[in-house]
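Next come the chains, spelled out residue by residue.
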Amino acid sequence: MRFDDAFANSKYLADGKDFPSRWARKADGFRAAMGARAELGIVYGPGERHWFDLFLPEGEPRGLVIFIHGGYWLAFGPRDFSHLAAGPVAAGWAVAMPAYTLAPTAGLPQMTAEIRSALLAAAERIAGPVVVTGHSAGGHLSARMATTAIGLPEAVADRIANVVPISPLSDLRPLMETEMNRDLKIDAAVAKAESPALLQRRPGAAVHVWVGGIERPRFLDQARRLGNAWCCPVTVEPDRHHFNVIEGLEVADSPLMRAIVGS
């Protein structure tokens, strides 16, 4: 397929295959260390993957950060990335990490609807501003929460202070020419309806796109497409690739964290 290599990541990193096991070890350790401040498996719908984990800071939360995991909509789950809640929690924010039904069981429209439901359920539990972020496929889903097409209730939409898609897939049309599309089943209609770069940003929605400076060219292009379409900032973080660009979420005062929740 024409674009398979363009969207490949691990094969171009010497230690690319090691990252999932590293993430899992860190995630397990973080959940264990959080103890009672980790509320696991909160149900937001009837499906098997309709749940989210919620991590609470000490004291009253400043607000809610929602992190949506990546994996090309085909792999992983929120508990592979629990450790990425460390930065927001240390900065005083609650963090919700939702699961969603993966392909081929679900298509992208269903995943988008599920994340919308998870956002609403998490926002009911935590007062204050809401920040939505996510990585790769999760970057796509986080950006969808900033579009007019998502139809959030005004009371919740008004609470969304920031949306920070990290290395997002923003224009899905090239993915139609990949092997993984046998499971994703993206056609022209789905690409048009689900590509943030082809959709209107909700008026007043603050968006800041983040991407690593040494990511694959296709991901740099996808990030810039969204920034250009929405006239929003795009930060290209030097010396970061697709797998370590998210590590800033582990540190409360990192540049990525400042983009997400401010100082």
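Preceding block: the structure.
Small disclaimer: the values here were computed from a predicted structure and weren't measured. (Residues numbered from 1 in each chain as written. Predicted model: local features only at pLDDT ≥ 70, side-chain atom pairs only at ≥ 80, totals over all residues. Heavy atoms only, no water.)

S.K.: Could you clarify how one ought to interpret the nonpolar core in this entry?
M.R.: The tendency in soluble globular proteins is for nonpolar side chains to be buried as a group. With 60 residues, the main nonpolar core has F7, L54, L64, W73 and Y100 as its most contacted residues. Considering every element that reaches this core, the biggest residue donor is helix α3 (residues 108-125), with nine residues. Not counting residues within four places of it along the chain, the set of residues in contact with Y100 comprises Y44, R49, I68, H69, G70, W73, M111, E114, I115, A137 and L141. With 29 residues, the next largest nonpolar core counts F30, V65, M97 and V164 among its residues. (Core = buried A, V, L, I, M, F, W, Y, C linked by side-chain atoms within 4.5 Å. Buried < 20%, exposed > 50% of the residue type's maximum accessible area, 1.4 Å probe, protein only. Helix = DSSP H or I, 4+ residues; strand = E, 2+ residues; numbered from the N terminus. Contact = heavy atoms within 4.5 Å.)

S.K.: What exactly am I supposed to notice about the packing of aromatic side chains here?
M.R.: Pairs of aromatic rings are described using the distance from one ring centre to the other and the angle between the two planes. Using the criterion set out here, one finds ten aromatic pairs in the structure. Judged by centre distance (5.5 Å) and plane angle (55 degrees), the rings of F19 and F243 are tilted. Taken together, the residues F19 in helix α1 (residues 19-34) and F243 in the loop between β8 (234-237) and α9 (255-261) connect sequence positions 224 residues apart. Accessibility assignment for this pair places F19 and F243 in one class, buried. Here the aromatic rings of F30 and F55 are separated by 5.3 Å at their centres, their planes lie at 65 degrees, and the arrangement is edge-to-face. Taken together, the residues span a long stretch of sequence, with F30 in helix α1 and F55 in strand β2 (residues 51-55) at a distance of 25 residues. Taken together, F19, W23, F67, F76, F81 and F243 form an aromatic cluster joined through their ring pairs. One Lys or Arg, R22, reaches over the ring of F19 and ends 4.5 Å from the middle of that ring. The aromatic ring of W51 is capped on one face by R79, whose charged end is 4.4 Å from the ring centroid. (Phe/Tyr/Trp six-rings, centres within 6.5 Å; stacked < 30°, edge-to-face > 60°. Lys NZ or Arg CZ within 6 Å of the ring centre and 35° of its normal.)

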